[in-house]
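If you want the building blocks of each chain, they are given just below.
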Amino acid sequence: MKIVLTNDDGIRAEGLRCLAEHLVDLGDVWVVAPDRERSATGHAFTLHEPLRVTPLHGHGHKNARWYSVSGTPADCVYLAVLELCKGADLVVSGINHGYNLGSDIFYSGTVAGAVEAALRGVPAIAVSTAWAKRIDFAPAARLCHALCHAVLKEGLPPQTLLNVNVPPAPGDPRKEEAPPATGTLCWTRLGQRVYRDQVESRTDPRGRTYYWIGGSVESTNDPPGTDMHAVHHGLASVTPLGLDMTHADLLERLPGWQLQGFEAVLLQEHQVVAGGL
Ligand code: MN
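Read on for a plain summary of the structure. (Residues numbered from 1 in each chain as written. Predicted model: local features only at pLDDT ≥ 70, side-chain atom pairs only at ≥ 80, totals over all residues. Heavy atoms only, no water.)

The computed volume of the largest pocket comes to approximately 740 Å³. Taken together, the elements giving at least two residues each to the lining of the largest pocket come down to helix H1 (14–23) and strand E5 (90–97). No other element matches the 3 residues that E5 contributes to the lining of the largest pocket. Within the lining of the largest pocket, the residues separate by chemical class into 10 nonpolar, 10 polar and 9 charged. (1 Å grid on protein atoms, 1.4 Å probe; cavity = no way out; pocket = protein on both sides within 12 Å on 5 of 7 lines; lining within 4 Å. Points joined across faces, edges and corners; volume = space filled by probe spheres on them. Helix = DSSP H or I, 4+ residues; strand = E, 2+ residues; numbered from the N terminus. Nonpolar A, V, L, I, M, F, W, Y, C, P; charged D, E, K, R; others polar.)

Structure, rendered in C-alpha cells:
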C-alpha cells in the first residue's frame, strides 16, 4: 500500500509527525507537505512560480519518506499523486491543529489536500483535532488508523472523501495514560460553524489604512447529527463529503425562472445544436 500524507500546518508540525508514526504499519508512507504553515489557504494552486521539492533525510519516522515542498497542500498532493508517489492508494491530510467543521471546509488547506486527492481519483481523509496549546494528537491518529484500514478495505465512491474531527481525550494530557480499548465516533453531516463578522481597520505609521479580517467562533445550536454537535459533546466526528456541489432542488426550480431575452434548452445526449448568445 502506498500512502501519501500532507498537511497545512507545515512539514515540521507535530500533528503530521504523529500521523506518520501511527500509519507506517499500513504500508509505504510518503510525507509530502508544505515547507511552512499554509493554514486557511484553501485550494490555492501555485501556477506562477516554480515548485521546489526538498527530500528531508533523517526526519521523522525512519519508515517514511519526507519531502518538503515550497507550495500549498493542494500543490503537494498534485505533485505526490502525479510524480513523487504514482499509484498512491490513499491520501491523508492532517492532523490539523484546530478543527475543520461546517463551513471551515471551504477555507481549510487541510481539507483541500484531501479534496485534491479525491479530484484525482485517490481515496482521501482529512483529519483535525482541537486547537489548544498542549494537545495530544494520538487519539486523532488512532481513529485515523482505523479509518485508513476501513477505506483501504471498503474503498470510497469516486469524488468523495472523509472529513474527521477528533476532540481531545478527557483527562490530563500530561499523564501517560493507556488509550481506551474501544473508542467512540459519530457519522455526521456538516453543521454550520459561524464566525463573528469582523473587519478591523487600522492606520499604519505612514497614515495609510490597513485591515485585519476574520472574527472569533460564535456558539451555534447545531442539531444532533452534525459534526459541530458531535465534537461539542466530546465525540469524534466523521463526515463524508462529495465534490459535486450542484444543488439538486434548485436545479429543479430554476427552469421556472423567466430570463428576459433568453430561452432554456434541454440538451439530449449526442445532440448537436447551434448555441450562442
Ligand atoms: Mn492548519
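The residue after Gly 94, namely Ile 95, is reached through a cis peptide bond having omega -5°. Note on placement: Ile 95 falls in strand E5. Phi at Ala 40 is positive, roughly 60°, even though this residue is not glycine. A relative accessible area of 61% means that Ala 40 is categorised as exposed. Of note, Gln 159 is a non-glycine position whose phi angle comes to about 60°, a positive value. Mapped onto the elements, Gln 159 comes out in the loop between helix H4 (138–154) and strand E7 (160–166). (Buried < 20%, exposed > 50% of the residue type's maximum accessible area, 1.4 Å probe, protein only.)

Before going further, it helps to spend a moment on the coordination of the manganese ion. Each pair of donors in an ideal octahedron of six around a metal sits at 90 or 180 degrees, and each pair in an ideal tetrahedron of four sits at 109.5 degrees. Protein-derived coordination of the manganese ion comes from Asp 8 (OD), Asp 9 (OD), Ser 39 (OG) and Asn 96 (OD1), at a distance range of 2.1 to 2.2 Å. Each donor residue of the manganese ion lies on the same chain, and together they follow the pattern D-D-x29-S-x56-N. Residue Asp 9 is found in the loop between strand E1 (2–6) and H1, and its partner Asn 96 is found in strand E5; the two are separated by 87 residues along the sequence. (Donors = N, O, S within 2.8 Å, 3.2 Å for Na, K, Ca; no water.)

Interaxial distance between H1 and H4 falls to 9 Å at its minimum, and their mutual angle equals 45°. Between H1 and H4, the angle is such that the two are oblique. The handedness of the crossing between H1 and H4 is right-handed. Contact with H1, carried on its side by Cys 18, Leu 19, His 22 and Leu 23, involves Ala 138, Ala 141, Arg 142, Cys 144, His 145 and Cys 148 of H4 and no other residues of that element. Of the residues that constitute the contact of H1 with H4, the class distribution is 7 nonpolar, 2 polar and 1 charged. (Axes fitted to C-alpha atoms, helices over the stretch in contact; angles between N-to-C directions. Parallel < 35°, antiparallel > 145°, perpendicular 65-115°, else oblique. Left-handed = near helix turned anticlockwise from the far one by under 90°. Contact = heavy atoms within 4.5 Å.)

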